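Each chain is listed here by its residues.
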Amino acid sequence: MNELTEFSFVFFSIVTALAVIVHVIRTSPWTSRHGGLAVRSWPLWIAEQIQGRAGITHESFLARLARLSALTTKYGVAAWTLYYPQYLSLNFWVLVWVLLLVIEILRKSAQFYIPARWENVSLKLDSEHFWLIHLIILGTAEVQLGGGHPWGLVSLIAFYIMFAGESRPSILAALEDVASCGWAVSAIFFLSNTRFDSLTEFAFVMAAVVAVRGLIRVVLGRAWIRRRFWWIAQFCLMTALIIKSLVILDVLAFINS
């Protein structure tokens, strides 16, 4: 087994294991709001996962293809950045966010091709689109302005990790969340001028990030975050812009030293 094959297998195992853990926590009898063990036992939960295909709903082929394309791109970007950190740059990350935005828009457009439920289809952009637009705006400004470490962009990516995503009780949604956390963590480490020494360190960081992300969503409420995502995204963007302004004005000189 060569180095690339071993890396791919270990990275796939890390992402898959975290996604399964996230899905189990979201849907297990102990954490579900539909009742405790007296109402919904583990054998029944396993049967529901098999019968319900782990929460994966029926959708058109084009919509499913767009969904898998977005997931594959996020997963591939996270894996590539870990294996080739020497080729990373701020321009690369801006182009990645542009690519993800295009894919997410195509994914949204694919819902109009024989959707499973027409009442769930609307012209409104999803929260993922706004997050990526904000990342592109601040990333482009960072490329043009420069001036110190990009702490504003780092903070915006951290906000993205904590508040982005739909958190649906589906194994596919769990994979999307973990893959999104993967590329975001890799971007934060690059922008902070640090590197992962091994995939084991990456696995521990990802586990901590996913745990903190889940805790925040439990405390605030996933439904509240979903309803208020526009205001949350605007607040996070303004905060990131303020941090960038402080860096440019050298107010945060003690951080840059």
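Anything mentioned here points back to the structure above.
Attention here is on the structure that accompanies the text. Treat the numbers as computed from the prediction; the structure is a model and nothing was measured.

1. So, the overall build of the protein
For step 1, the next point in the chain: Counting its secondary structure elements, the protein contains eleven helices and zero strands.
For step 2, the next point in the chain: Going residue by residue from the N terminus, the α and β elements of the protein occur as α-α-α-α-α-α-α-α-α-α-α.
For step 3, the next point in the chain: Burial statistics for the protein: of 257 residues in total, 43% are counted as buried.
For step 4, the next point in the chain: Relative to all contacts within the protein whose residues are 6 or more apart in sequence, the contacts with residues 24 or more apart total 74%.
For step 5, the next point in the chain: Taken as a whole, the protein presents about 14200 Å² of accessible surface, with 69% of it coming from carbon and sulfur.

2. With respect to the nonpolar core
Nonpolar side chains in soluble globular proteins tend to be buried together.
For step 1, the next point in the chain: Among the nonpolar cores identified, the biggest contains 55 residues, and Trp97, Trp131, Ile157, Ile161 and Trp183 are the most heavily contacted of them.
For step 2, the next point in the chain: For this core, the secondary-structure elements that each account for two or more residues are α1 (3-27), α3 (61-83), α4 (90-110), α5 (127-145), α6 (151-163), α7 (171-191), α8 (199-220) and α10 (229-248).
For step 3, the next point in the chain: No other element matches α7, which puts ten residues into this core.
For step 4, the next point in the chain: Filtering out sequence-adjacent residues up to four positions away, tryptophan 183 remains in contact with Lys74, Val77, Ala78, Trp93, Trp97, Leu100, Leu135 and Tyr160.

3. Considerations on the packing of α1 against α7
For step 1, the next point in the chain: Packing of α1 against α7 brings their axes to within 8 Å, and their N-to-C directions diverge by 125°. When the axis of α1 is compared with that of α7, the two are oblique. In terms of crossing hand, the pair formed by α1 and α7 is right-handed. Here α1 contributes Val15, Thr16, Leu18, Ala19, Val20, Val22, His23 and Arg26 to the contact with α7, which in turn contributes Ile171, Ala173, Ala174, Leu175, Asp177 and Val178.

4. With respect to a nonpolar patch on the surface
For step 1, the next point in the chain: Where nonpolar side chains cluster on the molecular surface, the patch consists of Leu215, Val219, Leu220 and Trp224 and spans about 400 Å² of accessible area.
For step 2, the next point in the chain: Sorting elements by how many residues they give to the nonpolar patch places α8 first, with three residues.
For step 3, the next point in the chain: Tracing the backbone shows leucine 215 in helix α8.

5. So, α6
For step 1, the next point in the chain: Look at α6: 18 Å from first C-alpha to last across 13 residues, which is about the 18 Å you get at 1.5 Å a residue.
For step 2, the next point in the chain: By the criterion of burial, α6 is predominantly enclosed, with ten of the 13 residues buried.
For step 3, the next point in the chain: Buried residues of α6: Gly152, Leu153, Val154, Ser155, Leu156, Ile157, Tyr160, Ile161, Met162 and Phe163, and no others.

6. Structural notes on the packing of aromatic side chains
For step 1, the next point in the chain: Per the stated rule, a full pass over the model turns up 20 aromatic pairs.
For step 2, the next point in the chain: With centroids separated by 4.9 Å and ring planes inclined at 50°, the aromatic side chains of phenylalanine 7 and tyrosine 83 adopt a geometry described as tilted. Pair noted here: phenylalanine 7 is in helix α1 and tyrosine 83 is in helix α3, with a separation of 76 residues, a long-range link.
For step 3, the next point in the chain: On the basis of relative accessibility, which here comes to 12%, the residue phenylalanine 7 falls in the buried class.

7. Details of the pattern of salt bridges
For step 1, the next point in the chain: Applying the stated criterion across every chain, the model contains four salt bridges.
For step 2, the next point in the chain: Its salt-bridge partner being glutamate 128, residue lysine 74 comes within 3.4 Å of it at the nearest N-O pair. Linking lysine 74 in helix α3 with glutamate 128 in helix α5, this pair joins segments that are 54 residues apart in sequence.
For step 3, the next point in the chain: On the accessibility criterion, lysine 74 (4% relative accessible area) is buried.
For step 4, the next point in the chain: Under the relative-accessibility criterion, glutamate 128 is labelled buried at 11%.
For step 5, the next point in the chain: Overlapping salt bridges bring together Lys74, Glu104 and Glu128 as one network.

8. Structural notes on unusual backbone geometry
For step 1, the next point in the chain: In this structure, asparagine 193 takes a positive phi of about 60° despite not being glycine.
For step 2, the next point in the chain: Its location among the elements puts asparagine 193 in the loop between α7 and α8.

9. With respect to the packing of α6 against α8
For step 1, the next point in the chain: Two elements in contact, α6 and α8, have axes separated by 8 Å at closest approach and are oriented at 65°. Contact with α6, carried on its side by Ile161, Met162 and Phe163, involves Val209, Val212, Arg213, Ile216, Arg217 and Leu220 of α8 and no other residues of that element.
For step 2, the next point in the chain: For the contact of α6 with α8, the residue count by class is seven nonpolar, no polar and two charged.

10. Thoughts on the side chain of threonine 73
For step 1, the next point in the chain: Secondary-structure assignment places threonine 73 in helix α3.
For step 2, the next point in the chain: With near-sequence residues (within four places) excluded, threonine 73 lies in contact with Leu99, Leu100 and Ile103.

11. Structural notes on a positive patch on the surface
For step 1, the next point in the chain: On the surface, Arg222, Arg226, Arg227 and Arg228 cluster together into a positively charged patch.
For step 2, the next point in the chain: With respect to the secondary-structure elements, arginine 227 resides in helix α9 (residues 222-227).

12. Some remarks on α7
For step 1, the next point in the chain: Along its 21 residues, α7 runs 30 Å from first to last C-alpha, staying within 8% of the 30 Å computed at 1.5 Å per residue.
For step 2, the next point in the chain: Once α7 finishes, asparagine 193 follows within two positions and takes phi at roughly 60°, a positive value.

Quick notes on the rules
- Residues numbered from 1 in each chain as written.
- Predicted model: local features only at pLDDT ≥ 70, side-chain atom pairs only at ≥ 80, totals over all residues.
- Heavy atoms only, no water.
- Helix = DSSP H or I, 4+ residues; strand = E, 2+ residues; numbered from the N terminus.
- Buried < 20%, exposed > 50% of the residue type's maximum accessible area, 1.4 Å probe, protein only.
- Contact = heavy atoms within 4.5 Å.
- Areas by Shrake-Rupley, 256 points an atom, 1.4 Å probe, with all protein chains shown as cover.
- Core = buried A, V, L, I, M, F, W, Y, C linked by side-chain atoms within 4.5 Å.
- Axes fitted to C-alpha atoms, helices over the stretch in contact; angles between N-to-C directions.
- Parallel < 35°, antiparallel > 145°, perpendicular 65-115°, else oblique.
- Left-handed = near helix turned anticlockwise from the far one by under 90°.
- Patch = residues over 30% accessible without salt bridge, like charges linked within 9 Å, V, L, I, M, F, W, Y side chains within 5 Å.
- Salt bridge = Lys/Arg side-chain N within 4 Å of Asp/Glu carboxyl O.
- Expected span 1.5 Å × (residues − 1).
- Phe/Tyr/Trp six-rings, centres within 6.5 Å; stacked < 30°, edge-to-face > 60°.
- Nonpolar A, V, L, I, M, F, W, Y, C, P; charged D, E, K, R; others polar.
- Lys, Arg positive; Asp, Glu negative; His and termini not counted.
- Charge placed at Lys NZ, Arg CZ, Asp CG, Glu CD.

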